[in-house]
Amino acid sequence: MLVQQLINGLTLGSVYALIALGYTMVYGIIELINFAHGEIYMLGAYMGIITFGLLTTLHLTFPTSGAALLIMMVMAMLFCGACGITIERLAYRPLRGASRLAPLISALGVSIFLQNFVMLAQGPRDKGFPHLFAGEGIDLFGSRISAIQMFIMATSVLMMAALQLLVHRTKIGKAMRATAQDMQMASLVGIDVDRVISATFLIGSALAGVAGIMVGMYYGLINFFIGYIAGIKAFTAAVLGGIGNIPGAMLGGLLLGLIEALGAGYISSEYKDVFAFAILVLVLIFRPSGLLGKDISRRV
Amino acid sequence: MLRLDDVHAHYGMIHALRGVSLEVKKGQIVCLIGANGAGKSSTLMAVSGLLRPNAGRIVFEGDDLAEVPSHAIVERGISQVPEGRRIFSKLTVLENLEMGAYTRTGEDSIRQDLDWVFGLFPILAERRFQMGGTLSGGEQQMLAIGRALMARPRLLLMDEPSLGLAPKFVETIFEVIRQINTRGTAILLVEQNAHMALSIASRGYVMEAGRIVLEDDATSLMVNKDVQKAYLGG
Ligand SMILES: Nc1ncnc2c1ncn2[C@@H]1O[C@H](COP(=O)(O)OP(=O)(O)OP(=O)(O)O)[C@@H](O)[C@H]1O
Ligand SMILES: [Mg+2]
């Protein structure tokens, strides 16, 4: 039972971590809590279904469903990345330099718009997500870790490792860190700050898109509202780890997943969502800088 | 090379620059002195494109910089050692220097300049894998200068590079400024240490309340009664 809960917790947690990365990277650079980020994740899930539908209507057959899944993930990443860049351009960039509140309200507006747009375009009902995994999974200490769970954890770890490499080893990654620390100074060394911000939205949104596909596969059903709860949970994970801190978002996501799974298993599964909010409130009261964050009061 | 023509600029309601005109010729060291709040840093920020003038012109090598984004101004050959150093504290020393060369391509020439900077400031070579934030104040100043040099500027803007440094460090910094200049780099130097600054500059400007109130050859400014009284301690 404990091992099973841990497995479930790590699975969900790695998805929270992927979404939390987008919150934390954007906050790290422009100090905006991008409330529309959960909706990007929801768009990723829908893009998965749409791509699968296209592949089917085109009668494209693949030797394995893995190939179809790969195409779905790539499409979701591209589409969500493009959405992220567009949203920043249209809804946040014109408000840069305005009060801190204006872009927050704009983000809420984008979030509401996207939810309603998808509800009208795709319908308000749950949609079934294609079954792409027939794998058995393996037994582990008397518990079962399914093929989907393994896939989700492996993909998340891979994505996070790739992100770490990008941020620490590449020129654009270093420019992102420099911009997050001192945006004016970044332009003084010749960094095109607008491009760095676009890249940040692109990467964060692409990760959320992948998360959308994975959760769609995991639960088998999606609807236009899934971004709301997932968004709040991922935001909680980002705050728990220390908003603005990339390893913090990974840690926060995994911890939140574990806490939820253990809470659901040992206390009550009906209170599952309550744990996330309780943690959010507790962290904000007792340690607003999060587990790995530095003194946040200086920045706010 | 650089000319400011009656430049006015604001921070919101604050009228920080009220008609600044000055000129830096190729290969010159020009110094800009003035009391706190006179607008010296604002002048440099205007040249770097981070404070946009609402009147007047800033012309670099024949081109008006009004529409040039600040990152592209670096590409054109102007880099800055800003007031307060502003090194990237969570990047390593080496990464800070790499960011200085952000606009450049050509691994070889970047490596050459890196070696040159390490030659000027050997302590930076020793500390290259350390986080910028762990350096001492003097070392951070060296890093800020090294970072600006990595852009291989033709015009270097320096904002109070000697501020808060021990006399020994001040000597080093001024010696390095001289060396950078002998390489052909023009320098616009803002300094509190007016004596040192005027001694290495060929021309000087005195700023007060957003205006240039005096300009002359550095040697003449050194013996100017008003300048002596206000900035050279009598
Ligand atoms: N970011 C800012 N926002 C608002 N006002 C500013 C800002 N920066 C400078 N000022 C104001 O503009 C005027 C000129 O400031 P500036 O920093 O250019 O002076 P300075 O000559 O560099 O002074 P110091 O010797 O103290 O560095 C001052 O009145 C200052 O208060
Ligand atoms: Mg100043």
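Rules used in this analysis
- Residues numbered from 1 in each chain as written.
- Chains lettered and ligands numbered in written order.
- Predicted model: local features only at pLDDT ≥ 70, side-chain atom pairs only at ≥ 80, totals over all residues.
- Heavy atoms only, no water.
- Helix = DSSP H or I, 4+ residues; strand = E, 2+ residues; numbered from the N terminus.
- Rg over C-alpha atoms; globule rule 2.2 N^0.38 Å.
- Buried < 20%, exposed > 50% of the residue type's maximum accessible area, 1.4 Å probe, protein only.
- Contact = heavy atoms within 4.5 Å.
- Areas by Shrake-Rupley, 256 points an atom, 1.4 Å probe, with all protein chains shown as cover.
- Lys, Arg positive; Asp, Glu negative; His and termini not counted.
- Charge placed at Lys NZ, Arg CZ, Asp CG, Glu CD.
- Buried area = accessible area lost by both parts, 1.4 Å probe.
- Salt bridge = Lys/Arg side-chain N within 4 Å of Asp/Glu carboxyl O.
- Nonpolar A, V, L, I, M, F, W, Y, C, P; charged D, E, K, R; others polar.
- Pairing = 2+ DSSP bridges.
- Axes fitted to C-alpha atoms, helices over the stretch in contact; angles between N-to-C directions.
- Expected span 1.5 Å × (residues − 1).
- Near = heavy atom within 4 Å.
- Polar contact = N/O pair within 3.5 Å; in protein donor to acceptor, adjacent residues only side chain to side chain.
- Donors = N, O, S within 2.8 Å, 3.2 Å for Na, K, Ca; no water.
- Patch = residues over 30% accessible without salt bridge, like charges linked within 9 Å, V, L, I, M, F, W, Y side chains within 5 Å.
- pLDDT = per-residue confidence, 0-100.
- Core = buried A, V, L, I, M, F, W, Y, C linked by side-chain atoms within 4.5 Å.

### Here we look at the overall build of chain A
Point 1. Assigned secondary structure in chain A consists of eleven helices and four strands.
Point 2. The globule rule puts the C-alpha radius of gyration for 300 residues at 19 Å, and the 19 Å found for chain A is close to it.
Point 3. Seen through its principal axes, chain A has C-alpha atoms that stretch 55 × 45 × 40 Å.
Point 4. Buried positions account for 53% of the 300 residues belonging to chain A.
Point 5. Contacts in chain A between residues at least 24 apart in sequence constitute 78% of all its contacts with a sequence separation of at least 6.
Point 6. Split by element, the accessible area of chain A, about 13,400 Å² in all, is 71% carbon and sulfur.
Point 7. With 18 positive and 13 negative side-chain charges, chain A shows a separation of 8 Å between the mean positions of the two kinds.

### Observations concerning the interface of chain B and chain A
Often the size quoted for an interface is simply the accessible area lost on bringing the parts together.
Point 1. With 21 residues of chain B in contact, the opposing surface of chain A contributes 18 residues.
Point 2. Summing the contributions of chain B and of chain A, the shared interface buries around 2,000 Å²; its carbon and sulfur component is 60%.
Point 3. Along the contact surface separating chain B from chain A lie three salt bridges.
Point 4. The closest approach of N and O atoms between Arg 177 of chain A and Glu 95 of chain B, which form a salt bridge, is 2.8 Å.
Point 5. Of all the secondary-structure elements, those providing two or more residues to the side of chain B that touches chain A are α1 (40-48), α2 (70-75) and α3 (93-100) of chain B.
Point 6. Taken together, the residues that form the side of chain B that touches chain A break down as eight nonpolar, seven polar and six charged.

### Comments concerning the sheet that holds strand β3 (residues 29-34) of chain B
Residues and elements named next belong to chain B.
Point 1. The sheet built from six strands is open, its strands ordered β6-β7-β8-β3-β9-β10 with mixed pairing. Every interior strand has two partners, whereas the edge strands, β6 (78-81) and β10 (211-217), have only one. Each strand of the sheet is rotated relative to its neighbour by a mean of 15°, with strand direction disregarded.
Point 2. Sheet strands touched by helix α6 (residues 137-149): β6 and β7 (155-159). Its angle to β6, the strand with the most contacts, is close to 175°.

### Let's talk about helix α9 (residues 226-241) of chain A
All names here are of chain A.
Point 1. The end-to-end C-alpha distance of α9 is 23 Å, a good match for the 22 Å that 16 residues give at a rise of 1.5 Å each.
Point 2. For α9, the buried fraction is high: twelve of the 16 residues fall into the buried class.
Point 3. Taken as a whole, α9 has its buried residues at Gly 227, Ala 230, Gly 231, Lys 233, Ala 234, Phe 235, Thr 236, Ala 237, Ala 238, Val 239, Leu 240 and Gly 241.
Point 4. Contact partners of the buried residues in α9: α1 (2-30), α2 (37-57), α10 (246-266) and α11 (272-286).
Point 5. A positive phi of about 110° marks Gly 242, the residue just after α9.

### Quick word on the site of ligand 1
Residues and elements named next belong to chain B.
Point 1. Near ligand 1 lie 14 residues; those nearest to it are Gly 37, Lys 40, Ser 41, Ser 42 and Glu 83.
Point 2. Within the backbone of Gly 39, a nitrogen or oxygen atom sits 2.9 Å from an oxygen atom of ligand 1.
Point 3. Between ligand 1 and Glu 83, the relevant distance is 2.6 Å, taken from an oxygen atom to a side-chain nitrogen or oxygen of the residue.
Point 4. Mapped onto the shell around ligand 1, the elements with two or more residues apiece are β2 (14-24) and α1.
Point 5. Per-element tally for the shell around ligand 1: the top contributor is α1, with three residues.
Point 6. Here the residues of the shell around ligand 1 are counted per class, giving five nonpolar, six polar and three charged.

### Overview of the coordination of the magnesium ion (ligand 2)
All names here are of chain B.
Point 1. All of the protein donors around the magnesium ion (ligand 2) are Ser 41 (OG), Glu 83 (OE) and Glu 83 (OE); their distances to the metal are 1.9 to 2.7 Å. Linking Ser 41 in helix α1 with Glu 83 in the loop between β6 and α3, this pair joins segments that are 42 residues apart in sequence.
Point 2. Look at Glu 83 and you get partly exposed, because its relative accessible area is 39%.

### Focus: a nonpolar patch on the surface
Residues and elements named next belong to chain A.
Point 1. Taken together, the side chains of Met 1, Leu 2, Leu 6, Tyr 266 and Ile 267 make up a nonpolar region of the molecular surface, amounting to roughly 530 Å² of accessible area.
Point 2. Mapping Tyr 266 onto the fold places it in helix α10.
Point 3. A relative accessible area of 47% places Tyr 266 in the partly exposed class.

### Let's talk about the confidence of the model for chain B
Point 1. For chain B, mean pLDDT is 94; residues scoring 70 or higher make up 100% of the total.
Point 2. Here the prediction assigns the complex a pTM of 0.92, and the interface score ipTM is 0.94.

### Considerations on the side chain of Ser 70 of chain B
Point 1. Considering the arrangement of structural elements, one finds Ser 70 of chain B in helix α2.
Point 2. Excluding residues that lie within four positions of it along the chain, Ser 70 of chain B makes contacts with Ser 187 of chain A together with Ser 48, Gly 49, Leu 50 and Arg 52 of chain B.

### Side note on the nonpolar core
Point 1. Of all hydrophobic cores here, the largest spans 119 residues; its most connected members are Leu 18, Leu 21, Leu 163 and Ile 191 of chain A together with Leu 2, Leu 22 and Met 99 of chain B.
Point 2. If we skip the residues at most four places from it in the chain, Leu 18 of chain A touches Ser 156, Met 159, Met 160, Leu 207, Val 210, Ala 211 and Met 214 of chain A.
Point 3. Among the nonpolar cores identified, the runner-up in size contains 44 residues, and Ala 148, Val 176, Ile 180 and Leu 221 of chain B belong to it.

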